[in-house]
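Report on the structure
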Amino acid sequence: MTEANIDGGFRPSGQLQLGVFFQGVNSGTVWKAPESGSQTDFESFRRIAQTAERGLFAAFFLGEGLRLREHLGRPHALDVAGRPDAQTMLAALASVTSHIGLVATQNTTYNDPADLAHRLSTLDLLSGGRAAWNVVTTDNAWTGANFRRGGYLDHADRYIHAEAFVETAKRIWDAWDDGVIAASPSEEAWAKPASIRRARHEGQHYSVDYLPRLPRSAQYRPVLFQAGDSPDGRDFAARQADVIFSAHPKFDDALEFRRDIVARSLKAGRGANDVKIMPASEFILAATPQEAREKKAWVRSLQIGPQQAIAYLEQFWGRELQDYDPDGPLPEIDPVVEETSETRGSGFHGAKARQLADQWRAEANEKGLSIRQFVSSKTSRGDATFNGSYTEVADRLVEYARTGAVDGFNISPWLIPTGLDDIVNHLVPELQERGIYPTEYAGTTLRENLGLATPLRPAAGVADNGVAVGGRHA
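Residues numbered from 1 in each chain as written. Predicted model: local features only at pLDDT ≥ 70, side-chain atom pairs only at ≥ 80, totals over all residues. Heavy atoms only, no water.

1. Quick notes on the layout of surface pockets
- If you add up the space inside the second largest pocket, you get close to 690 Å³.
- Surrounding the second largest pocket, 25 residues form its lining, Lys-170, Arg-221, Arg-270, Asp-274 and Pro-455 being those nearest its centre.
- Put simply, the parts of the chain that give the lining of the second largest pocket at least two residues each are helix H5 (158–173) and helix H6 (231–240).
- Across the lining of the second largest pocket, the residue classes break down as seven nonpolar, seven polar and 11 charged. (1 Å grid on protein atoms, 1.4 Å probe; cavity = no way out; pocket = protein on both sides within 12 Å on 5 of 7 lines; lining within 4 Å. Points joined across faces, edges and corners; volume = space filled by probe spheres on them. Helix = DSSP H or I, 4+ residues; strand = E, 2+ residues; numbered from the N terminus. Nonpolar A, V, L, I, M, F, W, Y, C, P; charged D, E, K, R; others polar.)

What follows is the structure in structure tokens.
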């Protein structure tokens, strides 16, 4: 049995939480199966959110797409593309759910802190304290062109800008004292103006002088998620986030990531258990191990077909490859680009194309793989996929709970809107039988259900941590 060996006073809870990531833009969602539903109709979002809530999931998570993905200069038409606005969709879902958390991915580069903090406060209030913000940054000129800000933010500054943004948002959420609003009609005024503070920030990228417009929610303020995996991103999460949406679901990798985040959290002056970790993951399950293996092969065949395999290589080669046989060897011709772009997402960004092509041809030749087989192996999400019978996978997850390697998993369903049905109907009861999954919601707010402490409100005129980051707070 693997020992946790996590220093710094970390204490495993022995419990796991589940979240669901409705991706909307990706190659992992099967849209060609007869059971595939709409990626944009509200009914799909309602169906999967209510299924997740029936399974006591902690959070429903939406991504953000600031520009439609492109392939060789035209819209990428083979995968699901385009997402409804996250906050609008989550506001609608708040009215048809009662406990599940509502996580909106929102960019610090192309929002303004006072406006975004107000919109997130609104979602938090109308949902009864179930809102969360997944904090992301963007610096590439391709996305910036949509906002007439190409090259707006230097890559090295993205977390400096983001930290000042988040600190300002927190001060906005801290601005109203308790008991500001009149508790009864007999009071003289509806609000006590002296109990509402101004939030100010002057920094490199923007200035804010704002009198916040809303009181705090039932969970004090929205929960903060963060997904950066670079050293700067991890430090940022350790200082600011409540939950990390990580890329480390494989057990040994997850354990090492936990150790790293505990060390960074302690260095930032926080507790060893203050930051929860929920890695991205895919679950392909069935009643028996053999059925699960067959189901996985079928899912993979739908995720990466012949056209998708060729398009995947085209993104790295930078040229049309339609004359190549998907079941033949990798192209012998070289890419026409030195470095791949971000137009199809971060997974395709910044690769040394010619060097990569040489490596891939050698690897495919050595393993005897065709184009389709090779691309399938590169996009198989092997590290992020739990495949097996319900009993097998539940047994594997016990070790994650025992050691505290993760606090749960953020599941990306391969099928919308029924992709959680077998997890909720079969895996969740297995986890509950093993005592590692909730049998009821702990409370009504997301913060309660994730086991997060209520933030400490700073004294008037004092920044959250006593330090202004990336500018000057007041």
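Moving on from the coordinates now.
2. Here we look at helix H12 (residues 390–403)
- With 14 residues, H12 should reach 20 Å at 1.5 Å per residue; the first-to-last C-alpha distance of 21 Å fits that figure.
- Three or more residues of H12 are buried, namely Tyr-390, Val-393, Ala-394, Leu-397, Glu-399, Tyr-400, Ala-401 and Thr-403.
- Along its buried surface, H12 packs onto helix H7 (251–267), strand S12 (280–286), strand S13 (385–389), strand S14 (408–411) and helix H13 (421–433).
- Just past H12, the residue Gly-404 takes up positive phi, approximately 75 degrees. (Expected span 1.5 Å × (residues − 1). Buried < 20%, exposed > 50% of the residue type's maximum accessible area, 1.4 Å probe, protein only. Contact = heavy atoms within 4.5 Å.)

3. Some points on the confidence of the model for the protein
- Confidence along the protein averages 89 in pLDDT terms, with 93% of residues attaining 70 or more.
- Below pLDDT 50 for its whole length, residues 461–474 participates in 36 contacts with residues either more than four positions away or in separate chains. (pLDDT = per-residue confidence, 0-100.)

4. Comments concerning the pairing of strand S5 (residues 101–107)
- Summarising burial for S5: seven of the seven residues are buried, a large majority.
- As defined by bridge partners, strand S2 (residues 59–62) adjoins S5 across four bridges and the pair is classed as parallel. Within S5, the residue paired with Phe-60 across the bridge is Leu-102.
- The pairing of S5 with strand S6 (residues 131–136) spans six bridges and is parallel. The residue of S6 that forms the bridge with Gln-106 is Val-135.
- Each parallel crossover has a hand, and the one from S5 via helix H3 (residues 113–126) to S6 is right-handed. (Pairing = 2+ DSSP bridges. Right-handed = clockwise from strand over helix to strand, strands pointing away.)

5. Some remarks on the pattern of salt bridges
- Applying the stated criterion across every chain, the model contains 28 salt bridges.
- Across the pair Arg-234 and Asp-260 runs a salt bridge, and its minimum N-O distance is 2.9 Å. Residue Arg-234 is found in helix H6, and its partner Asp-260 is found in helix H7; the two are separated by 26 residues along the sequence.
- What makes Arg-234 buried here is its relative accessible area of 15%.
- Classification of Asp-260 as partly exposed rests on a relative accessible area of 21%. (Salt bridge = Lys/Arg side-chain N within 4 Å of Asp/Glu carboxyl O.)

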